[in-house]
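Summary of the model geometry
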Amino acid sequence: MTVPHPAGQPARLVRSGLIDRSQPLRFSFDGRDLTGYAGDTLASALLANEIHLVGRSFKYHRPRGILSAGPEEPNALVELRNGARREANTRATVTELYDGLEARSQNRWPSLRFDARAVNGLFAPLLAAGFYYKTFMWPAAFWEKIYEPLIRRSAGLGTMASAPDPDTYEKSSTFCDVLVIGAGPAGLMAALTAARSGARVLLADEDFRFGGRCLSEQRHIGDLPAQEWTATVIAELASNPDVMLLPRTTVFGSYDHGVFAALQRVNDHLPVPPQFEPRQRLWRIVARRTVLAAGAIERPLLFGDNDRPGVMLAGAVRSFINRFAVSPGRRAVVFTDNDDAWSTVADLQAAGAEVLAVVDSRDGAMDANRLRSVSNISVRNTDAINGVVRRASGGRALQAVEVVSNEGQLQRIECDLLAVSGGWTPTLHLSSYLGARPRWDADRAIFIPDQLPAGMAVAGAANGEFTTRAALNAGYREGQTAAQALGLSPAQFALPSTPDESAARQALWRVPNTRGKCFVDFQNDVTTADIELAQREGFNSAEHLKRYTTLGMATDQGKTSALNALALLAEQTARPIGSVGTTTFRPPYTPVPMGALAGHHRGRDFRPVRLPPSHAWAKEQHAVFVETGAWLRAQYFPRTGESDWLQSTIREVTAVRSTVGICDVSTLGKIELQGPDSLQFLERLYANGWQTLAVGRARYGLMLREDGIVMDDGTVARLADQHYFMTTTTANAVDVYQHMQYCHQVLWPDLDVQFVSVSEQWAQFAIAGPRARALLQRILDPGQDISNSTVPYLAAANVTLADGRRARLFRISFSGELAYELAVPARSGDAVIRQLFAAGADLGVIAYGLEALGVMRIEKGHVAGNELNGRTTAQQLGLGRMLSTKKDYIGAVMSRRASLQEPAGPQLVGLKPVDRALRLASGAHFLPVGSPVTAANEQGYVTSAAYSPTLGHWVGLGFLANGRQRHGERLRVCDPLRNRETLVDICDPVFIDPQGERLRG
Amino acid sequence: MADADAFAFTPGRIGRLGGPPGLVVREHTCGLLASMIARPGQTPTLSAATERAFGVPLPLTPRFVSRQGVSFIWSGPGHWLIESTSAAIGMDGLLTSVAGMAAVFEQTDSRVVLEVVGPRVRDVLAKGLPIDLHPASFQVGHVALTSASHIGVQLWQTAVDPVYRIAVARSFFTSFWHWLATSASEYGCAIIAPDY
Amino acid sequence: MRINCPYCGPRGHDEFLYGGDATRQRPDPATPDAEAAFCDYIYLRDNPDGAHRELWFHASGCHAWLTVERDTRTQVIGAVVPARSRT
């Protein structure tokens, strides 16, 4: 008899189990306040409170209970937690109970007990396999507006949280000699053997407690009850500093060369993670050897209405009794096609339940001698029936089962629990993720791992070694093998003597002649009838069956259903199961939260951000920042009274063109080259020549890809005879450096050139405007001559600042003004920009950002990222004359291709609106006046556009067919995206100072 | 991690406060950092030259050697990072010693170097560095070029405790520090004054 | 996937960048059929099922370009040598 428990948990057993009765925990389900104990799962605590109805099914909204006690659970999915932490589709069977846990049933309306959409069951013929494809096909226009929203409303499972996740997640890497996946008897023994041999061992198990089936079975290992033996092994492993134990950790993926991914639920067992601790941690594990000891999953049997709450896997029944001290029913029937489930009888009886009958489908199953030999089962007061359960009856709870004996005798047995077992399926997923298909073992009627990834072994139930003794032996064997392979001397020790149970089975893939719905996949509401229909419609392959019926999809990925479905398909197509094969196994083994995959990388840490040396200063100036590649750069520097970016930008451009402005250009890639062949290397790298570049001079350079398309541009300065300093664009800095390494290491390893990135060493500021020289002079050593004759346009010089700092000065202009780039060691950057502003206050110095930089380069017709877009040639950019004909360089041959020389091809032009009040936008297309707006009439496109404060109207750059011959022509630019059309005049791309007088001034 | 958010790299304590910190970090300041790249075929001569000038031959594998405040830290084939903690050597002295055998590039301002130590230092680093720092794989004198949370780093172990130094490109330092501080806050992290 | 860098030791593939077929040789630009040879060099690739020699750049490590023997079917990696040492 079950003794009602004092804490109001009527199905709780008074003794035994691995729960802590001194730690009661409060929780709620659908608003009802309940209690459980530390050591419970949500499922065991619900059962302790005699709550069997926990959810509604996906399609038919049928009442569902708890089928399993593990990760395979298809039914007992609940919504856990509240607010921003709410998570849908949480399996109650693996949710560790904590004080204050709040869970709600899902997929029901208005309530779990009365679900209006259960009428779907009456329309079952409409909802059969493939109903999406059949029912919602016509009219096509209905899909987006009517069908899809309708399906989404009614078919979804839980509800997502809509607020950002307040918890943190992280990733971590670890390395080991031997990774053991699963801490049941096989895994514990493998870990123990490998650890005793001196290996670095990592033991991971998805459960919060190590032990696997040892926790759930009344068995002895050696002299100890299995639960106690487990504790002694764990204690030994925990005392070894080279053993890492990861409970609550699911190894969910395996990758090439011994790499595994695992999810550790660090704090899912608490209402809120402790401060500073992550909720979950994603592990990347690199293992030299792996022992997969993931155990096995029991299969349900297929009979009518086999989904009623109260129908439970036999192994789960034993788990709830032995591990969680809960009796899942008072009046039980056991239905099996194998010996293993018989031990459920004794456990139920010990828990005070009445076992009314054992129904075993096998011929000869009831032979008394056989029963004695396979187990010590006492079937006192229990009816042993050789036959099948044909149908379960009841609605929200099981009421009775209809049993048909093999002799054809029908009887109805009133009961509230039906323990079912269709045998166990090895959990071999991780052995198959790299593409190996498992092998069908006809004797045991299971798939077992066949060809394994290099370094992996499988032990125990995962390998079809189902009994405790076999599992221990297998763990020892694979622990030794792993040690041997690592070059260690394998530990030798005597295994505890353990009686062997019987795992004999004679497969009953389905009960014949059932009535009612017979579910194969509980989670997706796929029945035997759906599988038959799919097969009749021609879906004969396992992969097609899965897609058509949705069998094996969603959170459980067919863990309880896949093999049963394959067996049915085999039967219907009269093929052996082995030739039907399995569907492809793919990670993850169980669902992985997106937060864990993101780890640290979200919000401002989404990716690393690079800050230029003036960042702190720019922040003080209230700069508005913009991400450009990895860099965070000042976009503009708003001043009081300025209402938008355009106003600030106009002020900044105007100031640079009239006084002086400063922009941090440290983000440019900077590379220094030395060595006797550095000139030769530059010659091959760039399309233009460098032979005449004198020491102390800089020059613009153009780099092509080998296919003749422009790759990047920048400047090269010659600092000494064999010492060059080159810059790349900000965007291409990493690619160009890697390209140079390729050219040097792969193409021309004989060149005696040494180069390294010095991007991080130098802070570099553009100082531009008519007063640039005056400003610069104020912070330089007074003796430093920077007159136009000493430091002319394109000069490069080493200079000394007034405070003694050493710097490099380049007379380079991107803005078109008199301009310098001053490079100082990066740590001095902050101090130097402050010096510049302090020194230049009376000169009207201003800071300018990327917007102003962009406007000025468009005014000046300089090409940038919009034009150097990976599809343009030097000829198109108007830089064709730079291509040297006197040397080989990257891209030389291909840039001479006839198709790239086409005179009528696109060429860079400038454009301005005929009505100067109108604005221009990049992305618009050139079309002749009067022709229809069609692709056939398109003659090019606008790449850049900006309002020019200097000219007082918008200007643009673009590529126009034969454009250089068409200056003065009037065209339309059409922008179908923004639905705009503007009449423009085509002109030279240089709008300001075409002779370059300012920059040479 | 509000604590780390508000944190600037100044002495103090962040993350968990009770008990000794799991990570202790300070900036290791370098008088000089430089990249040295050997000219083709010159490595043996160069190594002999550094041995003459500084008392140490060059490491030819991912290791570093130090003597009297000067370290040669392997940075790739034929490539070393030279670190001088004192005014022991400057660029000029270095250039003279290796002239004709190698190119030297000044990098003093290019990197921030941190020294990290503490009972949980390996657990903290494992949250970003994809390499094995277990003493069976990585010991005093070892060097690794790798990434930490997608940021390139150079790491070397200077004492058995273990003590590691980590060099990070200056522009990435804020992101790097945010990752390190976040990763260490679980164990408590103390920042102590730089070692100058 | 892990690649055993001859300088740094075994590292995860995410430290490396793929550089394509390592058996390609940059053609001589001076020959009369240089354009055709470059077209072949740049655009035409075999897609072998099985043994493949390919270039990888140890971007997060020592910056060495490496020649890696990889079986595209089994992912088994054979010899990894510096690309500059190739013959």
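Residues numbered from 1 in each chain as written. Chains lettered and ligands numbered in written order. Predicted model: local features only at pLDDT ≥ 70, side-chain atom pairs only at ≥ 80, totals over all residues.

Here the focus is the overall build of chain B. The helix and strand inventory of chain B stands at five helices and 12 strands. At 17 Å, chain B has a C-alpha radius of gyration in line with the 16 Å of a compact globule built from 196 residues. In terms of its C-alpha atoms, chain B occupies a principal-axis envelope of roughly 55 × 35 × 30 Å. Pairs at least 24 apart in sequence give 66% of the contacts found in chain B among residues at least 6 apart. (Helix = DSSP H or I, 4+ residues; strand = E, 2+ residues; numbered from the N terminus. Rg over C-alpha atoms; globule rule 2.2 N^0.38 Å. Contact = placed C-beta atoms within 7 Å.)

Before going further, it helps to spend a moment on the interface of chain C and chain B. Facing 10 residues of chain C, the contacting portion of chain B comprises nine residues. Class assignment for the residues of the side of chain C that touches chain B results in five nonpolar, four polar and one charged. (Nonpolar A, V, L, I, M, F, W, Y, C, P; charged D, E, K, R; others polar.)

All names here are of chain B. In space, the seven strands of this open sheet follow the order E1-E12-E2-E8-E11-E10-E9, with mixed pairing throughout. Edge positions in the open sheet fall to strand E1 (12-14) and strand E9 (143-148), since each of these has one partner strand only. Within this sheet the neighbouring strands show an average axis-to-axis angle of 25°, counted without direction. Across the sheet, helix H5 (residues 173-185) is in contact with E1, strand E2 (23-27), strand E8 (111-117), E9, strand E10 (151-159), strand E11 (163-169) and strand E12 (189-191); its angle to E12 comes to roughly 135°. (Pairing = 2+ DSSP bridges. Axes fitted to C-alpha atoms, helices over the stretch in contact; angles between N-to-C directions.)

This next bit is on helix H12 (residues 542-549) of chain A. Residue and element names in this part refer to chain A. Among all positions of H12, only Leu 545, Lys 546, Tyr 548 and Thr 549 are buried. Those residues of H12 that are buried lie in contact with strand E29 (526-527), helix H11 (528-536) and helix H13 (562-572). Downstream of H12 by a residue or two, Thr 550 has a phi angle that is positive, lying close to 70°. (Buried ≥ 20, exposed ≤ 12 C-beta atoms within 10 Å, placed from the backbone.)

Let us now look at the sheet that holds strand E17 (residues 311-313) of chain A. Residues and elements named next belong to chain A. Here seven strands make up an open sheet; going across it, the order is E17-E23-E18-E19-E20-E21-E22 and the pairing mixed. Where the open sheet ends on each side, the last strands, each with one partner, are E17 and strand E22 (410-414). Adjacent strand axes in the sheet meet at a mean angle of 35°, parallel and antiparallel pairs treated alike. Sitting on the sheet, helix H7 (residues 343-350) touches strand E18 (331-336), strand E19 (354-360) and strand E23 (417-421), and the angle it makes with E19 is about 175°.

Residues and elements named next belong to chain A. Where H11 contacts H12, the two axes come as close as 10 Å, and the packing angle between them is 120°. The pairing of H11 with H12 is recorded here as oblique in orientation. The hand of the H11/H12 crossing is right-handed. Residue-level contacts link Asp 530, Ile 531 and Ala 534 of H11 to Leu 545, Tyr 548 and Thr 549 of H12. The residue inventory of the contact of H11 with H12, partitioned by class, reads four nonpolar, one polar and one charged. (Parallel < 35°, antiparallel > 145°, perpendicular 65-115°, else oblique. Left-handed = near helix turned anticlockwise from the far one by under 90°.)

This part covers the confidence of the model for chain C. If pLDDT is low for a region, its predicted coordinates should not be looked at in detail. Residue and element names in this part refer to chain C. For chain C, mean pLDDT is 94; residues scoring 70 or higher make up 97% of the total. Here strand E3 (residues 17-21) is the element of chain C with the lowest mean pLDDT, 95, and strand E1 (residues 2-5) is the one with the highest, 98. Across the interfaces of the predicted complex, the ipTM metric reaches 0.98, alongside a pTM of 0.94. (pLDDT = per-residue confidence, 0-100.)

Core analysis: the largest hydrophobic core is formed by 193 residues, its most contacted members being A:Ile767 and B:Val168. Setting aside residues up to four positions removed in sequence, A:Ile767 forms contacts with A:Val660, A:Ile662, A:Ala772, A:Leu775, A:Leu776, A:Ala819, A:Tyr820 and A:Leu822. The next biggest cluster of nonpolar side chains, apart from the first, holds 167 residues, and it includes A:Leu34, A:Leu179, A:Ile321 and A:Phe335. (Core = buried A, V, L, I, M, F, W, Y, C linked by C-beta atoms within 7 Å.)

For the rest of this paragraph, the subject is helix H5 (residues 226-238) of chain A. Residues and elements named next belong to chain A. Taking 1.5 Å of rise per residue, 13 residues should cover 18 Å, and H5 covers 18 Å from first to last C-alpha, within 8% of that figure. For H5, every residue scored as buried is listed here: Ala 226, Gln 227, Trp 229, Thr 230, Val 233, Ile 234 and Leu 237. Looking down the long axis of H5, one finds its buried residues gathered within 155° of arc, a one-sided arrangement. The secondary structure elements touched by the buried residues of H5 are helix H4 (185-196), strand E9 (201-204), strand E10 (220-221), strand E11 (224-225) and strand E12 (243-246). (Expected span 1.5 Å × (residues − 1). Arc of directions from axis to C-beta.)

What follows deals with the interface of chain A and chain B. Facing 31 residues of chain A, the contacting portion of chain B comprises 37 residues. Elements that contribute at least two residues to the side of chain A that touches chain B include exactly strand E8 (169-181), strand E33 (669-674) and strand E37 (754-757) of chain A. Per-element tally for the side of chain A that touches chain B: the top contributor is E8(A), with six residues. The class makeup of the residues in the side of chain A that touches chain B is 10 nonpolar, nine polar and 12 charged.

Turning to the packing of helix H6 (residues 314-323) of chain A against H7(A), a few remarks are in order. Residues and elements named next belong to chain A. Here H6 crosses H7 at 30°, and the two axes come no closer than 10 Å. Taken together, the axes of H6 and H7 lie roughly parallel to each other. In this structure, H6 meets H7 at a crossing whose hand is left-handed. For the pair H6 and H7, contact is made by Ala 314, Val 317, Arg 318, Ile 321 and Asn 322 and by Ser 343, Thr 344, Asp 347 and Leu 348, respectively. Looking at the contact of H6 with H7 residue by residue, the class counts come to four nonpolar, three polar and two charged.

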